[in-house]
Amino acid sequence: MSRIDRDPAARSRLIGALAMLVILWPLFQAAEVKPGVLFDPGNLKVIGNFLAGFLPPETGNEFLGYLAKATLETLAIATAGMALAFLIAVPMGYLASGAGREKATLNPVTRSLLTILRGIPELVWALIFVRVFGLGPAAGVLALGLTYGGMLAKVYAEILESVDAAPARALRHNGADRPLAILYGLIPQASKELASYTVYRWECAIRASVVMGFVGAGGLGQLMDQAMKMLNGGEAATILLAFMVLVFAADGFSGWLRRALDTPPANRASPFGWRSGGLGLALVVSIVASFSYLEIGLKSLLTLGPAFDSVVVEAARSIGEFVAGFFPPDLSAEWLAKVGKGIWETLAISVVGTLLAAVAGLLLALPKWRAPFSFLLNTLRSVPELVWATITALAVGLGPFAGALALALHTAGVLGRLYAEALDNAPPAPGQALRLAGAPGGFAFLYGTLPGAAPQLIAYTLYRWEMNIRMAAILGFVGAGGLGQLLYFELSLFHHAQASTVIIAMLLLSIAVDQASAWLRRAMR
Amino acid sequence: MSFRLNGVGLTHANGFVALKGVMLQAEKGERIALIGPSGAGKTSLLSVLGTALAPTEGLAEVLDFDQNFWLTAEVKKLRTHIGSIHQSPPIPGRQRVVTAVLAGKLGQWPAWKSLASLVYPLDIAGARAALERVDLADKLFARCDQLSGGQLQRVGIARVLYQQPELILADEPVSALDPTLALATIRLLIAEAEARGATLVASLHAVDLAIGNFSRIVGVKAGHIAFDLPASEVTVPLLHDLYASEGDELPVQAHEPHFLSQAAANEAATRAACC
């Protein structure tokens, strides 16, 4: 081969592939990937017996009663949590956003507070609140409210900054105050995106509140946890079915709501019709109903009877002591090394899980196989990672591999659906042209369709990986390795100083992921 | 015989009749230009020849394959002998030029070679030779989204040159190129067809380009063949009759009809409303 006919990209490709191997190999080691364990006869027997127990699903009246109660509780936690999050998000988003300001100032205090709120996973908040307020839904609501408040505020602020600033600036130059300038100049442009994101978050909140039961914050998760601990397959099956119905219903409802946002306003003085009025009423009713169902009354916090005083003082004192226990964090070299290992394990779980999911998701998204497997994709996706982790832990034993598998199962469902959409949206002409030139279907796909969809596929995968790092940090709560396992142990042993270090590590990891993904996105552009 | 259409009709699923009763035959090595107003059925005719659409009536034989008795395996074999040049080049933007050109032979290569070429292009010399003929050898390892529209169109032509088909179908191959480049490209296609004894069928918008370069001119109008004559026998009244629906002027290279694009029209309307 003459020198001129050598591919100039070959060297960098080779180096890239080698670098991949060098990075991935230790990560796979750290995640303790042992495919053989999946087929270990002993494990197969345990999981086989457990799955066999799924049939028939438990349909006893008493259990169904519990299930209905837990489902309502889950819905109520999600709704109440979102209401709280909204209350936090609106003022914080207003403060943090540079929108409508004459000079773009990023309010650093609010911004860093928001980072802390959303950087610590809701499950960790829940775990802490359960210790403060005792077992029950209040911990779940507070945890959801804080984390989602942080997320909503950040996204609200960013949405308001991303729309055209000129209308608001013009209003301000005409003497309008900042809030009014935002209401009249920015909200009309951003309202659809704001509403749509809020609805999407509510959908996520339902999934999250299912999961929070695992740390004792009530709802379906708590029921699932009990069923799994007793290896009661029939009950687990019924609860899983309830999960799926709930998630599908929320999915459908939020889709309908988002489509409804597209309808143009009616031609009369008030732009609100029966649908918006009805929805508004339903929203208020469901929030009030949620709080009263969970028996979290503002009253009980505000009406302080004389006999109550000492109790409140006592409670405040114990909370204070509890919080003080977290400071100062344990920074001994020995403990830091352990936390470092936890971070590495968490990273390994997320990378392995996302890679497995990307491969499985792509296979399931191929047009050839999509039709028979779309139900499978939806099922994989509707079961939260933490629930998968309880099942994979049975199949391969406790440890990081169980976590990676759980991530892979859930993420394969999510990515499969996103990939399918991206492949459908990829320009069809190149693949079609190759097919007309006699290329076999598979190669027409590889040479024609895939390059068109690749940027989208990569972006989706990176985005999921980002979410999976956060998720990997808490999968350990059910014994699937990483930082979560560390935190769960230390909190169970009341080693608050050590737990505090782990929480800080989670926070730092989350911030690092944010920065890294922003950098990657810029680099890919 | 290169192809023979015998009473071919094409009715789309929505009931639109794109072709009716088309009789057209070509010998190996002929060079045919299809002309006619837009919507006349030039693209449909090329689609039938390229096996993209099966005729709903009549018989189409292409390169000795009887279209009405096609089996999938046979169609694949037939298609490797047909090269298509499209109005907008169907090439993914993030693909490298070398890969886009090599993709022309996917139907002829064994699977291992196609797979390996995704990682390391296995016939760089062949791709370079094809690109040299369209003056793009220096872009061999560039990414397609770094090229201009005209360059990308020439990559699409290089792919067909690399494929070495027996039948070349070109659907408005030069409508995106400037007049000089358009002429050079048409001449390149004709030279290629001549050198390899391949048949060339090109639909063209510019009448002068067709008559000046092709030996045989087929006028298509409203789904049927209006005339089928040697270039020397095509007269101006005949052309005016063909393009009657598009006004008095004949579409030629020198002054291509300019249509106001939608975006530009909107902009003008906005400006009018503002001031």
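Every chain's residues receive numbers from 1 upward, in the order its sequence appears when written. Each chain is given a letter, starting from A, and each ligand a number, starting from 1, according to the order in which they appear as written. Per-residue local features are limited, in this predicted model, to residues with pLDDT of at least 70; the limit for side-chain atom pairs, both in listing and counting, is 80 or more; totals at the level of whole chains, interfaces and linings are taken over all residues. The basis for the side-chain values is all heavy atoms of the structure; hydrogens and waters are excluded.

A. Summary view of the overall build of chain B. Broken down by element type, chain B carries 10 helices and 10 strands. Exposed residues in this analysis have more than 50% of their type's maximum accessible area, buried residues have under 20%, and partly exposed residues fall in between, with area computed by a 1.4 Å probe over protein chains only. Within the span of chain B, comprising 275 residues, buried residues form 51% of the whole. Throughout, a residue-residue contact means that at least one pair of heavy atoms, one from each residue, lies within 4.5 Å. Here the contacts in chain B between residues at least 6 apart in sequence split such that 67% fall between residues at least 24 apart. The Shrake-Rupley method, run with a 1.4 Å probe, gives the accessible areas here. Residue values count only the displayed protein chains as cover. Carbon together with sulfur atoms contributes 55% to the accessible area of chain B, which is approximately 12300 Å² in total. Helix and strand assignments come from DSSP, with helices taken as H or I runs of at least 4 residues and strands as E runs of at least 2, each series counted from the N terminus.

B. Main features of the overall build of chain A. When you go through chain A residue by residue, the secondary structure sums to 22 helices and 0 strands. Here the globule rule reads 2.2 Å times residues to the power 0.38, and the radius of gyration is calculated from C-alpha atoms. The C-alpha radius of gyration computed for chain A amounts to 25 Å, which stays within 12% of the reference 24 Å derived for 525 residues, consistent with globular compactness. For chain A, the proportion of contacts with a sequence separation of at least 24, taken over those separated by at least 6, is 78%. Working note: accessible area of chain A is about 26000 Å², and carbon and sulfur atoms make up 70% of it. Under this rule, positive means Lys or Arg and negative means Asp or Glu; His and the chain ends count for nothing. Where a charge sits is defined by one atom per residue type, namely NZ (Lys), CZ (Arg), CG (Asp) or CD (Glu). Distance from the positive charge centre (38 side chains) to the negative charge centre (32 side chains) of chain A: 9 Å.

C. Looking closely at the domain arrangement of chain A. Residue and element names in this part refer to chain A. Source of the domain bounds: an automatic or database domain assignment. Domains assigned within chain A are domain 1 (59-262 + 274-294) and domain 2 (325-525). Placing a centre on the C-alpha atoms of domain 1 and another on those of domain 2 gives a separation of 22 Å. The partner domain 2 presents 27 residues to the 26 residues of domain 1 that form the contact. Regarding the contact of domain 1 and domain 2, the summed buried area is about 2400 Å², with carbon and sulfur atoms giving 78% of it. It is Leu 127, Arg 131 and Phe 214 that lose the most area in domain 1 upon contact with domain 2, and together they represent 19% of the buried surface on that side. Within this document, salt bridges are pairs made up of a side-chain nitrogen of Lys or Arg and a carboxyl oxygen of Asp or Glu, the two lying within 4 Å of each other. The tally of links between domain 1 and domain 2 comes to 0 salt bridges. Any N or O atom pair separated by 3.5 Å or less is treated as a polar contact, with the protein-specific requirement of one donor-capable and one acceptor-capable atom, and with residues adjacent in sequence counted only for side-chain atom pairs. Counting across the interface, domain 1 meets domain 2 through 0 residue pairs in polar contact (both at pLDDT 80 or more). Counting residues per element, the side of domain 1 that touches domain 2 draws most heavily on helix α11 (residues 233-260), which supplies 6 residues. Accessible area that two parts lose when put together, with a 1.4 Å probe and added across both, is what the buried area reports.

D. The domain arrangement of chain B, seen in detail. Residues and elements named next belong to chain B. Once the domains are mapped, chain B shows domain 1 (3-81 + 166-274) and domain 2 (91-164). Taken together, the contact between domain 1 and domain 2 spans 13 residues of the former and 12 residues of the latter. When domain 1 packs against domain 2, close to 1100 Å² is buried across both sides, 62% of that on carbon and sulfur atoms. In terms of surface lost to domain 2, no three residues of domain 1 exceed Thr 80, Leu 188 and Glu 192, which account for 43% of the buried area on that side. At the surface where domain 1 touches domain 2, the tally comes to 1 salt bridge. The salt bridge partner of Arg 133 is Glu 192, with a shortest N-O separation of 2.5 Å. The tally of links between domain 1 and domain 2 comes to 5 residue pairs in polar contact (both at pLDDT 80 or more). With 6 residues, helix α7 (residues 179-196) is the largest single contributor of residues to the side of domain 1 that touches domain 2. Note that Gly is not counted as nonpolar here; it falls among the polar residues with everything else outside the nonpolar set of Ala, Val, Leu, Ile, Met, Phe, Trp, Tyr, Cys and Pro and the charged set of Asp, Glu, Lys and Arg. The class makeup of the residues in the side of domain 1 that touches domain 2 is 6 nonpolar, 2 polar and 5 charged.

E. View of the interface of chain B and chain A. Across the boundary between the two partners, chain B contributes 32 residues, which contact 27 residues of chain A. Together, the buried faces of chain B and chain A total about 2500 Å²; carbon and sulfur atoms form 64% of this surface. The largest contributions to the chain B side of the interface with chain A come from B:Arg94, B:Leu106 and B:Tyr120, which together make up 21% of the buried area. Across the contact surface, chain B and chain A share 1 salt bridge. When the shortest N-O distance is used, the salt bridge between A:Asp7 and B:Arg96 registers 2.5 Å. For the side of chain B that touches chain A, the secondary structure elements donating two or more residues are α2 (72-79), α4 (111-119), α5 (124-133) and α6 (149-163) of chain B. In terms of residues, the side of chain B that touches chain A owes the most to one element, α4(B), which gives 6 residues. The residue makeup of the side of chain B that touches chain A, split by class, is 16 nonpolar, 10 polar and 6 charged.

F. Structural view of the sheet that holds strand β10 (residues 224-230) of chain B. All names here are of chain B. What the 6 strands build is an open sheet, ordered β6-β7-β8-β3-β9-β10; its pairing is mixed. Unpaired on one side and paired on the other, β6 (82-85) and β10 mark the two borders of the sheet. Taken pair by pair, the neighbouring strands of this sheet meet at an average axis angle of 15°, ignoring direction. Two elements, strand β9 (residues 216-221) and β10, share 6 bridges in a ladder whose sense is antiparallel. When the sheet's bridge partners are listed, Ile 217 is paired in β10 with Leu 229. Axes here refer to lines fitted to C-alpha atoms; in helices the fit is confined to the stretch in contact. Angles between the N-to-C directions go from 0 to 180 degrees. Relative to the sheet, helix α1 (residues 42-49) contacts β3 (31-35), β6, β7 (167-171), β8 (199-203) and β9, its axis offset from that of β7 by approximately 155°. Between any two strands, pairing holds if DSSP finds at least two bridges.

G. Looking closely at the nonpolar core. Residue types Ala, Val, Leu, Ile, Met, Phe, Trp, Tyr and Cys, when buried and joined through side-chain atoms within 4.5 Å, form a set referred to as a nonpolar core. Of all hydrophobic cores here, the largest spans 140 residues; its most connected members are A:Val124, A:Tyr148, A:Ile239 and A:Leu487. Counting only domains with at least three residues in this core, you end up with domain 1 (59-262 + 274-294) and domain 2 (325-525) of chain A. Apart from the residues within four sequence positions on either side, A:Tyr148 is in contact with A:Met82, A:Ala85, A:Glu122, A:Arg201, A:Cys204, A:Ala205 and A:Ala208. With 52 residues, the next largest nonpolar core counts B:Trp109, B:Val134, B:Val174 and B:Val207 among its residues.

H. Molecular detail of the pairing of strand β2 (residues 17-26) of chain B. Residues and elements named next belong to chain B. In the sheet, strand β1 (residues 3-11) pairs with β2 via 6 bridges, with the strands oriented antiparallel. By the bridge assignment for β2, Phe 3 is matched with Ala 26. Hairpin connection, β1 to β2: the antiparallel pair is bridged by 5 residues, and Gly 15 has positive phi, about 95°.

I. Expanded view of α7(B). Residues and elements named next belong to chain B. By definition here, a helix of n residues has an expected span of 1.5 Å times n minus one. Compared with an ideal rise of 1.5 Å per residue, which puts 18 residues at 26 Å, α7 spans 26 Å between its outermost C-alpha atoms and is within 8% of the ideal. Taken as a whole, α7 has its buried residues at Ala 182, Thr 185, Ile 186, Leu 188, Leu 189, Ile 190, Glu 192 and Ala 193. Following α7 by one or two positions, Gly 197 adopts a phi angle in the positive range, close to 65°.

J. Examining helix α10 (residues 220-229) of chain A more closely. Residues and elements named next belong to chain A. Counting buried positions over the 10 residues of α10 gives 7, a clear majority of the element. Elements that come into contact with the buried residues of α10 comprise α3 (41-52), α4 (61-96), α9 (178-212), α11 and α17 (385-396). Backbone geometry just after α10 places Leu 231 at a positive phi near 50°.

K. Representation of the packing of aromatic side chains in the model. Residues and elements named next belong to chain A. Ring geometry is summarised as follows: Phe, Tyr and Trp rings, the Trp one being its six-membered ring, pair when their centres sit within 6.5 Å, and such pairs are stacked at plane angles under 30 degrees, edge-to-face over 60 and tilted between the two. For the structure on display, the rule yields 6 aromatic pairs over all chains. Consider the rings of Trp 202 and Phe 253, whose centres lie 5.8 Å apart with planes at 75°: the pair is edge-to-face. Residue Trp 202 is found in helix α9, and its partner Phe 253 is found in helix α11; the two are separated by 51 residues along the sequence. On the basis of an interplanar angle of 25° and a centroid distance of 6.1 Å, the ring pair of Phe 253 and Trp 256 is categorised as stacked. Taken together, the residues span about one helical turn, with Phe 253 and Trp 256 both in helix α11 at a distance of 3 residues.

L. Spatial organisation of the pattern of salt bridges. Under the defined criterion, the tally for this structure stands at 15 salt bridges over all chains. Residues A:Glu345 and A:Lys341 are paired through a salt bridge, measuring 3.8 Å at the closest nitrogen-oxygen approach. Placement of the pair is A:Glu345 and A:Lys341 together in helix α15 (residues 333-365), with a separation of 4 residues, close to one helical turn. When its relative accessible area of 13% is taken as the criterion, A:Glu345 is described as buried. Via salt bridges that share partners, B:Glu30, B:Arg216 and B:Asp228 belong to a single interconnected network.

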